[in-house]
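Given next are the chains, with one letter for each unit.
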Amino acid sequence: KQLKADIIAQILVNQSLDSYREKEDENIRAGLRSKALVGALKAVTGRYTHIELAGDALVVSDGFGEYSFSDLSTGTQEQIFLALRIAFAARVSKNDTLFFILDDAFQYSDWERRELLVDKMIDLAKHDWQVIYFSMDDHIRDLFVKKAGKVFKDEFRLITIEEN
């Protein structure tokens, strides 16, 4: 009787977990189809317009072709991760303002995309999100100083940490 009860319990637990996993996958798919993600994806990458789950893998498209996430460059992957964070954070917060703390999140992006990424951070800040960006990259620092400093003037803060 005990063995039979254990087997039935394990089957029921597995069925519950499968049901939960299906619901979570559908929530993720809904998030991937959201306007917020499509907008963030286009704004951050300057190219991609769609992302979807294909099994356990992500596939992005630009209207001309589909590309496996794992085949993309590190810089492009980071940009897509940023778009996902922005969109899912907005979705979870129900569009309340939040904050981002980023640590050299743009370092693998090419110089043109870095400008897009800084512009996206400025856009978030214009919508009352707080953005904190740590960087050891002078080019990224200079982009923030030039662009965000111009937009936010006295509200923009640059803090330089000097080595002793």
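Higher on the page you've got the structure.
Asks: Hey, could you go over the side chain of Ser109 for me, with residue numbers and the actual values?
Replies: In this fold, Ser109 is placed in the loop between β4 (99-103) and α4 (111-126). What Ser109 contacts, discounting residues up to four positions off in sequence, is Gly75, Gln79, Arg114 and Leu117.

Asks: Describe in detail a nonpolar patch on the surface, supporting the description with residues and values.
Replies: Together, Phe99, Ile101, Ile132 and Phe134 line one region of the surface with nonpolar side chains, adding up to about 390 Å² of accessible area. Of all the secondary structure elements, the ones that give two or more residues to the nonpolar patch are β4 and β5 (130-134). By the secondary structure assignment, Phe134 is in strand β5.

Asks: Describe the packing of helix α2 (residues 35-45) against helix α3 (residues 74-92), with residues and values.
Replies: At a minimum axis separation of 8 Å, α2 and α3 run at an interaxial angle of 145°. Classified by chirality, the crossing of α3 by α2 is right-handed. Residues Ala36, Leu37, Ala40, Leu41, Val44 and Thr45 of α2 form the contact with α3, whose own contacting residues are Gln79, Ile80, Leu82, Ala83, Leu84, Ile86 and Ala87. Grouping the amino acids of the contact of α2 with α3 by side-chain chemistry returns 11 nonpolar, 2 polar and no charged.

Asks: Account for α4, naming residues and giving values.
Replies: Side chains of residues three or four places apart in an α-helix project in the same direction, reflecting 3.6 residues per turn. With 16 residues, α4 extends 23 Å from end C-alpha to end C-alpha; this agrees with the ideal 22 Å at 1.5 Å per step. Three or more residues of α4 are buried, namely Arg113, Arg114, Leu117, Val118, Lys120, Met121, Ile122 and Leu124. Looking at the buried side of α4, the elements it contacts are α2, α3, β4, β5 and α5 (138-152). Looking at the residues trailing α4, positive phi occurs at Asp128, about 70°.

Parameters at a glance
- Residues numbered from 1 in each chain as written.
- Predicted model: local features only at pLDDT ≥ 70, side-chain atom pairs only at ≥ 80, totals over all residues.
- Heavy atoms only, no water.
- Helix = DSSP H or I, 4+ residues; strand = E, 2+ residues; numbered from the N terminus.
- Contact = heavy atoms within 4.5 Å.
- Patch = residues over 30% accessible without salt bridge, like charges linked within 9 Å, V, L, I, M, F, W, Y side chains within 5 Å.
- Areas by Shrake-Rupley, 256 points an atom, 1.4 Å probe, with all protein chains shown as cover.
- Salt bridge = Lys/Arg side-chain N within 4 Å of Asp/Glu carboxyl O.
- Axes fitted to C-alpha atoms, helices over the stretch in contact; angles between N-to-C directions.
- Left-handed = near helix turned anticlockwise from the far one by under 90°.
- Nonpolar A, V, L, I, M, F, W, Y, C, P; charged D, E, K, R; others polar.
- Expected span 1.5 Å × (residues − 1).
- Buried < 20%, exposed > 50% of the residue type's maximum accessible area, 1.4 Å probe, protein only.

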